[in-house]
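Observations on chain architecture
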Amino acid sequence: MGTNFRVCSVTLNGDSTYTSETSDLVIPQNLTRAKSASDLFAFIATEIKGFLEVFHPDRLHASRPLSLGFCFSFPFYQASINSGVLIRWVKGFDIEDAIGKDVCQLLQTELDNVKIPVKVCAIVNDTLGSLMARSYTLPVSQTRTSIGAIIGHNGTNGAYLEKLSKVSKDIGQCDRSTGEMFFNIEWGSFDDKLSILSHTEYDQSINESSSNKDSSMFEKRISGIFLGELLRLVVEKLYDDPSVDLFPNYKRNDKSLTLRNRWTVDNSIMAVAETDRSMDLNKLKDKIALTFGFPAWAIKLEDVQAVRDVSKAIGRRAARLAGVAVGAVILQSGKLQQVDRLTMPAVDAKGVPTNDDNKESAIDEEEVSTIDVAIEGDVFKDYPRFEQYMREALRVINGIGIDGEQRVRIGLVGDGSAIGTAIVALLASQPGG
Ligand code: BGC
């Protein structure tokens with residue numbers, strides 16, 4: 001659950017494949033600011049019931065409850081696998097009475113109210129969901145995923161595997177036997193005090209008009225919804241500035257242009273700005289006309305070039321910041337120093353595990369030293385060269401460099417959060433899980 005909401009039942013085939021049934025829903029705007037949390041969670045519970053009626057009617061009256069993994073893309077404090085206390089809302093949500101409450105409990109109450117045999121047995125942030133999904137779907141001969149990230153339209157964040165010996169905070173009830181645990185970083189709120197991040201007047205304007213002012217400052221430089229608005233703000237400012245010759249063929253200061261409409265820019269214009277390499281930039285020119293409302297005849301090549309340069313600067317900054325976040329996690333995880341042979345099972349020539357601990361693994365050195373990163377989200381997926389710019393940043397980070405960057409394998413995950421959450425729910429519902 002984020003701004004959209006997906007109900008999904010997953011069958012894990014145990015061989016890195018799965019099948020799933022999915023129903024995608026939009027959370028009605030009024031419920032994102034509902035008077036009470038129960039309004040929102042009652043809606044979710046009713047939709048889950050509707051999903052079961054369509055896809056699994058036989059389970060509606062089963063005596064054994066179905067295990068539900070709750071993917072919750074908001075900051076929460078997790079003291080156990082099936083409890084998550086909401087710290088604050090993001091993504092435009094604002095429901096006062098949910099803050100400080102266990103959202104698993106809130107959902108369970110409403111599931112019980114609609115009388116369906118469903119038990120919330122795990123709560124998972126979407127970052128961990130992606131990490132788990134990619135780890136599950138990778139061929140067994142490949143290094144497991146240790147970092148997961150979301151670089152999406154509505155948010156950005158990361159999760160990674162950390163050694164318990166490095167953790168000083170209270171981590172509640174958990175299985176400590178592996179000596180490691182996954183951490184949800186909530187990097188969207190990195191440097192909310194702005195001691196390091198660049199802060200332009202446009203960033204300031206975004207912050208002022210956002211629903212979570214002075215929070216999620218890193219996210220406001222990376223997530224799609226903010227990138228489009230940043231571009232709009234810069235173009236608007238330049239157009240209104242008499243000392244700048246932007247769109248001089250069109251009447252200055254026209255207040256009726258769609259350029260004036262806040263939070264409306266469709267990010268596909270940024271993808272075109274990144275890819276249109278033609279001399280006349282006609283594709284981008286058409287996009288500018290469509291996005292900002294200038295008639296095509298009034299748009300000069302110089303105008304298009306200026307919009308392109310601004311757009312690329314915003315996109316590249318976002319990607320480089322995302323690269324810095326991933327780089328920081330790589331450094332913190334110690335993975336660059338660690339070549340973890342234990343994660344690599346012995347396999348035969350076809351890559352099938354031999355279950356023979358004494359047999360030499362056929363895995364090559366390159367695979368063993370790979371740091372596998374799962375990334376999910378529209379910005380990463382749809383913005384051309386996002387990965388290239390992220391890698392550019394990784395290469396110039398002290399302690400990573402060109403050699404370290406080459407060891408990073410990034411995999412785009414599709415519907416990862418749902419699959420990964422199902423994996424965690426399965427583990428949690430096992431005896432002793
Ligand atoms: C939330 C995170 C989430 C990220 C990506 C952020 O706004 O705080 O919990 O992982 O968005 O959805």
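Per-chain numbering applies: the sequence of each chain, read as written, is numbered from 1 onward. Owing to the predicted nature of the model, reporting of local features is limited to residues with pLDDT of at least 70; listing and counting of side-chain atom pairs is limited to 80 or more, with chain, interface and lining totals taken over all residues. Each side-chain value is worked out from all heavy atoms of the structure, with water and hydrogens disregarded.

Digging into the side chain of Ser-135
Keep this limit in mind: Only runs of H or I of at least four residues qualify as helices and only runs of E of at least two qualify as strands under DSSP, and these elements are numbered from the N terminus. Type-normalised accessible area, obtained with a 1.4 Å probe on protein chains alone, sets the label of each residue: buried when under 20%, exposed when over 50%, and partly exposed for intermediate values. By the criterion applied in these results, polar contacts are pairs of N or O atoms within 3.5 Å in which, for protein atoms, one can donate a hydrogen and the other can accept it, and in which residues neighboring in sequence qualify only through two side-chain atoms.
With respect to the secondary-structure elements, Ser-135 resides in helix α4 (residues 126-137). Ser-135 gets classed as buried once you look at its relative accessible area, which sits at 13%. There is a polar contact of 3.3 Å between the side chain of Ser-135 and the backbone nitrogen of Thr-145.

Some points on the layout of surface pockets
Spelled out, the test is: Cavities and pockets were defined on a 1 Å grid built over protein atoms only: a cavity is a set of grid points that admits a 1.4 Å probe from which the probe cannot escape, a pocket is an open set flanked by protein on both sides within 12 Å along at least five of seven lines, and lining residues are those with an atom within 4 Å of any such point. Grid points are joined across faces, edges and corners, and a volume is the space filled by probe spheres set on the points.
Its boundaries defined by the atoms lining it, the second largest pocket holds a volume of some 1600 Å³. Contributing to the lining of the second largest pocket are 43 residues, with Ile-81, Leu-128, Met-181, Phe-182 and Val-424 lying nearest its centre. Elements with a contribution of two residues or more to the lining of the second largest pocket: β4 (76-80), β6 (118-124), α4, β8 (156-163), β9 (180-184) and α14 (416-429). If one sorts the elements of the lining of the second largest pocket by residue count, α4 sits on top with six residues.

What about the site of the ligand?
Under the convention used in this document: We call a residue near a molecule or strand as soon as one heavy atom of that residue lies within 4 Å of the molecule or strand. Only the protein chains shown count as cover for residues, and the accessible areas themselves come from Shrake-Rupley with a 1.4 Å probe. Whether a molecule lies in a cavity or pocket depends on its atoms, and more than half of them have to be within 2 Å of the grid points. Here the nonpolar group is Ala, Val, Leu, Ile, Met, Phe, Trp, Tyr, Cys and Pro; Asp, Glu, Lys and Arg are the charged ones; every other residue, Gly included, is treated as polar.
Close to the ligand lie 13 residues, the nearest being Lys-91, Asn-125, Asp-126, Glu-186 and Glu-219. At 3.0 Å from an oxygen atom of the ligand is found a side-chain nitrogen or oxygen belonging to Asn-157. Within the side chain of Glu-186, an N or O atom sits 2.6 Å from an oxygen atom of the ligand. Considering the ligand on its own, with 310 Å² of exposed area, one finds that the protein chains cover 97% of that surface. The pocket occupied by the ligand, as judged from atoms lying within 2 Å of grid points, is the largest cavity. Residues of the shell around the ligand, tallied by class, amount to four nonpolar, five polar and four charged.

Description of the packing of helix α5 (residues 201-209) against helix α6 (residues 224-240)
We apply this condition: Fitted lines through C-alpha atoms serve as axes, helices being fitted only where they are in contact, and the angles separating the N-to-C directions of these axes extend from 0 to 180 degrees. Here the angle decides the label: under 35 degrees means roughly parallel, over 145 means roughly antiparallel, 65 to 115 means roughly perpendicular, and every other value means oblique. Should the near helix be turned anticlockwise from the far one by less than a right angle, the crossing is termed left-handed; should it be turned clockwise, right-handed. The contact definition used throughout considers only heavy atoms, calling two residues in contact when any of these lie within 4.5 Å.
At a minimum axis separation of 10 Å, α5 and α6 run at an interaxial angle of 125°. Here α5 lies oblique to α6, going by the angle between them. Considering only the axes of α5 and α6, their crossing is right-handed. Together, Glu-201, Tyr-202, Asp-203, Ser-205 and Ile-206 of α5 and Phe-226, Glu-229, Leu-230, Leu-233, Val-234 and Lys-237 of α6 make up the contact between the two elements. When its residues are assigned to classes, the contact of α5 with α6 shows six nonpolar, one polar and four charged.

Some remarks on the packing of helix α9 (residues 301-333) against helix α12 (residues 386-395)
Running from N to C, α9 and α12 cross one another at 55°; their axes reach a closest spacing of 7 Å. With respect to α12, the element α9 is oriented oblique. The element α9 and its partner α12 pack so that their crossing is right-handed. Where α9 abuts α12, its residues Lys-312, Gly-315, Arg-316, Ala-318, Ala-319, Arg-320, Ala-322, Gly-323, Val-324, Val-326, Gly-327 and Ile-330 lie against Phe-386, Tyr-389, Met-390, Glu-392, Ala-393 and Leu-394.

Quick word on α14
Quick reminder of the rule: The span expected for a helix works out to 1.5 Å for each residue beyond the first.
Over its 14 residues, α14 extends 20 Å from the first C-alpha to the last, a length consistent with the 20 Å expected when each residue adds 1.5 Å. Of all the 14 residues making up α14, eleven are buried; the element is thus mostly covered by neighbouring parts of the structure. For α14, the set of buried residues is Gly-416, Ser-417, Ala-418, Ile-419, Gly-420, Thr-421, Ala-422, Ile-423, Val-424, Ala-425 and Ala-428. Buried residues in α14 make contact with β1 (4-12), β2 (18-26), β3 (66-71), β6, α4 and β10 (371-376).

Things to note about the environment of Leu-164
Turning to its location among the elements, Leu-164 is positioned in the loop between β8 and β9. Judged by relative accessible area, which is 16%, Leu-164 ranks as buried. Linking Leu-164 and Ser-177, residues 13 residues apart in sequence, is a C-alpha distance of 9.9 Å. When sequence neighbours within four positions are dropped, the list of residues in contact with Leu-164 reads Ile-171, Arg-176, Gly-179, Glu-180 and Met-181.

Comments concerning the pattern of salt bridges
For clarity, the cut-off: Any Lys or Arg side-chain nitrogen found within 4 Å of a carboxyl oxygen on Asp or Glu counts as a salt bridge.
A full pass over the atoms with the stated rule returns 24 salt bridges. Its salt-bridge partner being Asp-214, residue Lys-213 comes within 3.8 Å of it at the nearest N-O pair. By relative accessible area, Asp-214 is classed as partly exposed at 45%. Within the structure, one salt-bridge network assembled from shared partners comprises Glu-229, Arg-232, Glu-236, Asp-240, Arg-260 and Arg-262.

With respect to the environment of Leu-238
With respect to the helices, strands and loops of the structure, Leu-238 is situated in helix α6. Sequence separation between Leu-238 and Val-307 is 69 residues; the distance between their C-alpha atoms is 9.9 Å. Excluding residues within four positions of it along the chain, Leu-238 makes contact with Val-244, Leu-246, Arg-252 and Val-310.

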